[in-house]
Amino acid sequence: GAVVSQHPSWVICKSGTSVKIECRSLDFQATTMFWYRQFPKQSLMLMATSNEGSKATYEQGVEKDKFLINHASLTLSTLTVTSAHPEDSSFYICSARDSSGSTDTQYFGPGTRLTVL
Amino acid sequence: QKEVEQNSGPLSVPEGAIASLNCTYSDRGSQSFFWYRQYSGKSPELIMSIYSNGDKEDGRFTAQLNKASQYVSLLIRDSQPSDSATYLCAVNFGNEKLTFGTGTRLTIIP
C-alpha cells in the first residue's frame, strides 16, 4: 500500500507555544489530505480536510485560527497548533487520499503525539 | 445524518478460530467501504477495501458486502494473538471524507 509519513512522531512543548506537524505522501500525489485527532480510548475525530492549493475545510467546532492547515504541494500538508494549551494534548493523525487508478483510498500516517505542559 | 455503526465489543475469540466483525451503515447509495486495524497507541492501518456486493478475500481476511442490507463484515480466519486490535469500519458516503464507526475491540485468546 501507499506510504504516508508524519513528523515529528512526538513532541512536548510549553503552554502558549506553537507546534507544526508535517504530513507527507511518499509514493503518490495527494490532492486531498485529512487531519484527525484522537484522545485516549476514543474514536477518531476528523478536524479538517486539506486540499492542495486551496483553503482547508474545517469540521464544526474546530477553531480554524488555532489549527492552521497548509497544503502547499501534492505531497505535503502541515498542521500548526497555535498557542497550544494542555487540553490540546492528543494524538494527531493525518491521512492522504490516493485517488489514482480505479480506487479511492485513504492511507494514514503514523501519527504525532503532542503533549503540552 | 449518515452513520456507521459497529458493536464496540470487546469481542473475544480463541486462537485459530474465525473472528467475525460486523458493520452497518445508513446510506444505501454508498459506494466505498473500508476496514482499518488500529493497535493501541498506533494509527489506523488499511486492511481491506470493498466496492461491490459479495466477498473479497486477501490472505486470512475476507470482506463481505451486502448493499441491499447496508451491511459490511470482516472475517479473520485462523485468528492469531497479533490480530488483537480495534477494527474500524469506514464508509465513503459519496464525498471525499470517510465516516468511521466507533470500532470493535477484538481480543484473540491464546
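The structure presented is a predicted model; accordingly, all values stated were derived computationally and were not measured. (Residues numbered from 1 in each chain as written. Chains lettered and ligands numbered in written order. Predicted model: local features only at pLDDT ≥ 70, side-chain atom pairs only at ≥ 80, totals over all residues. Heavy atoms only, no water.)

Caption draft 1: Representation of the interface of chain B and chain A within the structure. At the junction of the two partners, chain B supplies 15 residues and chain A supplies 23 residues. Interface of chain B and chain A: buried area, both sides summed, is about 1400 Å²; carbon and sulfur atoms make up 54% of it. When the buried area of chain B at its contact with chain A is split by residue, S43, E96 and K97 of chain B rank highest and sum to 35% of it. Applying the counting rule to chain B against chain A returns two salt bridges. (Contact = heavy atoms within 4.5 Å. Buried area = accessible area lost by both parts, 1.4 Å probe. Salt bridge = Lys/Arg side-chain N within 4 Å of Asp/Glu carboxyl O.)

Caption draft 2: Quick look at the sheet that holds strand β3 (residues 19-25) of chain B. Residue and element names in this part refer to chain B. Here five strands make up an open sheet; going across it, the order is β1-β3-β8-β7-β6 and the pairing antiparallel. With one partner strand each, in any of the chains shown, β1 (4-6) and β6 (54-58) form the two edges of the open sheet. Each strand of the sheet is rotated relative to its neighbour by a mean of 20°, with strand direction disregarded. By the bridge criterion, five bridges tie β6 to strand β7 (residues 61-66) in an arrangement that is antiparallel. Directly across from D58, in β7, lies its bridge partner F61. (Pairing = 2+ DSSP bridges. Helix = DSSP H or I, 4+ residues; strand = E, 2+ residues; numbered from the N terminus. Axes fitted to C-alpha atoms, helices over the stretch in contact; angles between N-to-C directions.)

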